[in-house]
Structure formats: structure tokens, C-alpha cells
Amino acid sequence: MILLELKARDAGGRICKAIINGKELETPAFLPVINPRIDTIPVKELKELGVQALITNAYFLLKNHEDELKKGVHDFLGFDGVVMLDSGAFQLMRYGSVNVTNRKIIEFQKKIKPDIGVILDVPVAKPSREDFEHGVKETLKRAKEWKKLGKGSVNWAGPVHGGPYEDLLKKSAVQMSKLGFDMYCVGSLVPAMEEYDFKRMVDQVITAKKNLPSNVLVHAFGAGHPMVMPLLALLGIDLFDSASYAIFAKENRYITERGTIKLKDLREFPCNCPSCFNKKPEDLKEPGLARHNLYVILAEVRRIKQAIHTGRLWELVLERAMVHPALLEATKHVLENHYEYFLDKDPLTKRKAFFYAGEVSSYRPAIVRASQKFPGQVPSALRIVYPFGQFEGEQVFDFDDELYTELETLRLIGDYWFGKSAGKKLFPKKCWIKYTRTGRIHQVFLNEDLLGVLRTSDGYFALHRAGALRLKTKLKKVVVKKDAESFVLEGRNALARFVKKVGKGVLPGDSVLVTNSRGKFLGVGEALLNSEEMLEFNYGNAVKVREGFEKPV
């Protein structure tokens, strides 16, 4: 079993802490593909570069090193991090067959004890529906065989196939999910990426993600070029793998975030990694080039993580979209045709400015949500509220010219965040205000009771006990099991494994009331997961409790 805790999120992307056989892996993560027979970059050096997990081929190990694996694959590789084994299915796709059965591959992996194993699935290279139908059917048959054989000590990944055929891909994801794999892999992406058909690539990933559980890792087979990784992370891919860093080095190809360059076409290095610093292109040999390529890939993973932490993943994806027309077309396709996919995943509000990058940005969740609430003019009182007040670029909102009192402003803010008429209910005429040193509204009280705090970073009104109870009929509810009641009353966070029931439509960042099964209120806090995730996750926090009520109300 893989324990997964969602730690940060932006768009459909997420940073998770995964506990795999007692080993901690932070995602998104890149797993270098290694071939034990070709020591391009020694495993010891991979560890020094910060690689937490790697992937190698079970079929190759079985054919070439079976006698050397008596102590297990970790000992054989000299790597104590997470080891994932691919089954050999990629060779099946490339060369038409592998001389091994699914049962043999499964039993072999159980014997050598990787952290993650994969059944011998049937990926498809030819774009015919007949071939994809066969691949989906045969992979499902082999998955059922795996189920009968048992897991052993291995965590197993369920491959999802179907290629460009949405109905087949959906069927594959749904049926594989029913078998209860520990994680899932989206296959048959490599042909689309090799053909620069990035629209097909994103359609496949989104279809798979929609039909897989939210509380599992999703791996993209063969997706390891930094040019496409931000877009795939935006869609919710957690793990990437590729041997491109070594293969491209063998072909004298130099990886950058913007694509690849033939080494002979370089006059100066656009990089200061140890392989490139103070060197000339003609001096770079295959091992050094492989190291550079890996440095660039790992740096892009860190860049993706930083973008998620700061709420800038959309911006990073739009920046990368400029490097190739096909990538730009795919990014526009995602926003224009799949924007609904992000509406329950993208955080309700962000504390960084919204960067408007042209008409395509109008499909981002923040703009869609704002436009749904105000299809016409926006009250000027909301200029301090996200995204209206944190907007950089060509203005797309039409503000009125009205002057609003502080009470009217607060009520409009209340309506915006908590629904129609919530503002009047939350802020009666007798409420009073404490200001920041610069004269901005900060805390709002009713008598001596704190209703909440108006955040200066995004204009969100963070409810406290008195404010939450005034809106008890408006706020969405998260019902926790009895074991969690005392913790929430003390102001401690509500864990996902204790969530019993959730109101519909909870978004990450929503203010929610935490209740017990008898309908008594225990505390108020900020949802960290959406409604579906709260019911599916079994590890980590579901609600960041802002204030516990000390006793049920």
C-alpha cells in the first residue's frame, strides 16, 4: 500500500508525500531509466544528484541477471531509494513480442522485491482501433491474473491503455481501478509525444485521470522531456520516467527546457551545470552530456514544484507553450476544451497575482468562477478580492463606478465568497472593524466576538467561530467520525481518514464547518481537498482547522 498525502496544489498539479514501503518520496518526481549493463551515470552518482527513485526493466533483469538478484533488486543496484520495475512491455510495443509470460514477470518481481512492480501489459504502437481494443482487453486479462497471484511485498502499478480512443481509455481506467492497484500508469503516450501530437497526449491523460481514483499516484510512461513535463504536471501526473537523458547523449543531443539541440550546432552552452560550466561544446563527451541532460530534467522538476508552491504553475505552462507551436496548440486546447476539469481542483484563491496572457487565460478557473458570479459589471468594492485585485495584464473585468461604504464592501465580499445574501447575514449593522497600520480592513467583530479576518493578500474573509456560526446554513459541511471529534474541538486538523461525509462542491480553499454525525458543529477551517478527494484519501489532512469550538454547538 502506498500512503499519499497532498501537501500543495495548483491547477490539477499537486505536491504529494508518498510513503512507499517506508520510504518517503516527494512528487512530482522523475525516475531515470537505468540499464545495469550500460553504466552511463553510476547509481551512486544518481543518489548524489538527489534522485529519490529510479526505474529499470524487469524483463532485462530476468534475461541477463537472474542469478545475481538473490538478495533483491535494491542490493543488486546498490540503491536504497524507491525502485520501480517496468515489465518489458515497451519492448513488446517496439519489437512485437517478448519471450516471457505475464505470470513469470509477476512472480519474478515478487521474488526480487522492488518497491513498485508492473504487470506485463500490452501497449500499442499502431494507431488502429482494433489493436487498441486488443491491448485493453489483454491488459485487463493479465491484471486479473495478477489479482489471483497476490501482491507479495510489492506495490503494483496498473497500466491504463486505450490511446486516442476515449471510450477504450475510459473503460481501461475504470476496469483497472476496480482491481485495486496501488498506483496507475498511463501508457501509449510515447507515440503521441514522438509525433508532437501533444493535443492527443493531453486528451489521453485527462481521460485517464477523470476515471482513476484521486488518492493514488499516476505515472506517465516514457514522459521525461522537460518541454512537456510542466503541462503533464498541470494535468495531475505525479511521476515521470525516461531514458532520454542517456539516449540523447548517445546521439549527441543536448536537452534544454525548450527542446533538444544537436551538439554540433552549439557554439556556447546556455547552461551552468557542472558538465557545461567553463567548457566548450566540442569538449563535452557522452557521459558528461548525459549528466547535463539529467541536470536539466531534474531542474525542471524542481521548477514545477516551486511553481505549485507559489501558485504559478499556469504561468510556467504558458511560458513553456511558447517553445513550440504544437505545444502552444495543446495548451490552448486544454484551456478551451478541458477547463471544467480544473474547476474542482484549482484552489479557490491564491495569494499571488493572476498573470493575464491573452484570451486563452479567460478559461482559467479563477476567471471562469468570477465570470459566473458577475457576468456583467463587477462592483468596484471587489477590487481587493482575488482575482480582481491581483490581476496583471490587459484588464478583462468591467468595474462599476459606484462608491461603497465599508459595510457595503464587506457584504459584497461576503456574497462573493459564501453565496448570495451571505454578506448581510455575516455582517450586521452593529459589526465593527479593526484596521491594519495602513488603514485597511483587517478584523471584523460583532460585540466582542471575532467574525473573521480579511486577508490583505487575496481579499478572502477567513471565518472564525462567530462568523462561521452566522453562516451555518450557507457553509458546506465536513462530517468526521467519532474518533476525530475531540481533536477538531481542540483546533487540530481533520484527517482525511476520519472524514465520514462531505457536502457537494467543496473546493480547495473553501471555508467549511466540521461537524459530527449528529450535526453538531466542532470547528471551522479551510478545505485542503475537494469533496471527492476527502472521501478517497486515507492519509494526511482534509481540513486545516482554523478554530475549534471547545465543545459541540
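The structure under discussion appears in the preceding block.
First, a word on what this report is: a plain description of the structure on this page.

Reading the values: rules and limits
Residues numbered from 1 in each chain as written. Predicted model: local features only at pLDDT ≥ 70, side-chain atom pairs only at ≥ 80, totals over all residues. Heavy atoms only, no water. Pairing = 2+ DSSP bridges. Helix = DSSP H or I, 4+ residues; strand = E, 2+ residues; numbered from the N terminus. Buried < 20%, exposed > 50% of the residue type's maximum accessible area, 1.4 Å probe, protein only. Contact = heavy atoms within 4.5 Å. Polar contact = N/O pair within 3.5 Å; in protein donor to acceptor, adjacent residues only side chain to side chain. Axes fitted to C-alpha atoms, helices over the stretch in contact; angles between N-to-C directions. Parallel < 35°, antiparallel > 145°, perpendicular 65-115°, else oblique. Left-handed = near helix turned anticlockwise from the far one by under 90°. Core = buried A, V, L, I, M, F, W, Y, C linked by side-chain atoms within 4.5 Å. Right-handed = clockwise from strand over helix to strand, strands pointing away.

1. Comments concerning the pairing of strand β13 (residues 259-262)
Sheet analysis places strand β12 (residues 253-256) next to β13, joined by four bridges and oriented antiparallel. Within β13, the residue paired with Y254 across the bridge is I261. A loop of two residues connects β12 with β13, the two strands running antiparallel in sequence.

2. A few points about helix α2 (residues 58-65)
Inspection of α2 places A58, Y59, L61, L62 and H65 among the buried residues, and these make up the whole buried set. Summarising the contacts, the buried residues of α2 are in contact with β5 (53-57), α3 (73-77), β6 (82-86) and α5 (102-112). The backbone nitrogen of Y59 has a side-chain oxygen 2.8 Å away, supplied by the residue at the start of α2, namely N57.

3. A look at the side chain of R320
Mapped onto the elements, R320 comes out in helix α13 (residues 313-321). A residue is classified by how much of its surface remains accessible, and R320, at 6% relative accessible area, is buried. A polar contact of 2.8 Å, which involves the side chain of R320, links it to the side chain of E300. Those residues in contact with R320 that lie beyond four places of it in its chain are M227, P230, E257, E300, R303 and L327.

4. Describing the sheet that holds strand β25 (residues 541-548)
The mixed open sheet is built from six strands, whose spatial order is β21-β25-β24-β23-β20-β22. Looking at which strands have only one partner, the edges of the open sheet turn out to be β21 (494-495) and β22 (499-502). Pairing geometry for strand β23 (residues 511-515) and strand β24 (residues 521-527), over five bridges, is antiparallel. Within β24, the position partnered with V514 by the bridge is G523.

5. Re the packing of α5 against helix α6 (residues 129-149)
When two helices pack together, you describe them by how their axes are tilted relative to each other and by the distance separating the axes. Relative orientation of the contacting elements α5 and α6 amounts to 45°, with a least axis distance of 10 Å. The orientation of α5 relative to α6 falls into the category oblique. Remark: the crossing between α5 and α6 carries right-handed chirality. Along the contact surface, α5 presents N102, R103, I106, E107 and K110, while α6 presents R142, E145, W146 and L149.

6. Topic: the side chain of R14
With respect to the element layout, R14 can be found in strand β2 (residues 13-20). A distance of 2.8 Å separates a polar side-chain atom of R14 from the backbone oxygen of S214.

7. Quick look at the nonpolar core
Soluble, globular proteins show a tendency: their nonpolar side chains are buried together. With 104 residues, the main nonpolar core has F181, M201, L231, L234 and Y254 as its most contacted residues. If you tally residues by element for this core, the top one is helix α12 (residues 286-309), at 10 residues. Counting residues in hydrophobic clusters, the runner-up holds 45 residues, among them L412, Y416, A422 and C431.

8. Re the environment of P191
Of note, P191 is situated in helix α8 (residues 190-194). Measuring from C-alpha to C-alpha, the distance between P191 and E24 comes to 32 Å, with 167 residues separating the pair along the chain.

9. Describing the sheet that holds strand β17 (residues 441-446)
With respect to topology, four strands assemble into an open sheet ordered β16-β17-β18-β19, the strand pairing being antiparallel. Every interior strand has two partners, whereas the edge strands, β16 (432-435) and β19 (461-463), have only one. With strand direction ignored, the average angle separating the axes of adjacent strands in the sheet is 30°. The sheet contact formed by strand β18 (residues 449-454) and β19 spans three bridges and is antiparallel. By the bridge assignment for β19, V453 is matched with A462. Relative to β19, helix α17 (residues 406-418) is tilted by about 75°, and along the sheet it contacts β16, β17, β18 and β19.

10. Remarks on the pairing of strand β11 (residues 239-242)
Where a strand is regular, its side chains alternate between the two sheet faces. Of the two faces of β11, the one holding L239 and D241 and the one holding F240 and S242 are both buried throughout. As paired elements, strand β4 (residues 29-32) and β11 share four bridges and run parallel to each other. Bridged to A29 within β11 is L239. Judged from the two bridges that link them, strand β10 (residues 218-220) and β11 form a sheet pairing that is parallel. Across the sheet, residue H219 finds its bridge partner in β11, namely L239. This β-α-β element, β10 to helix α10 (residues 229-235) to β11, shows right-handed connectivity.

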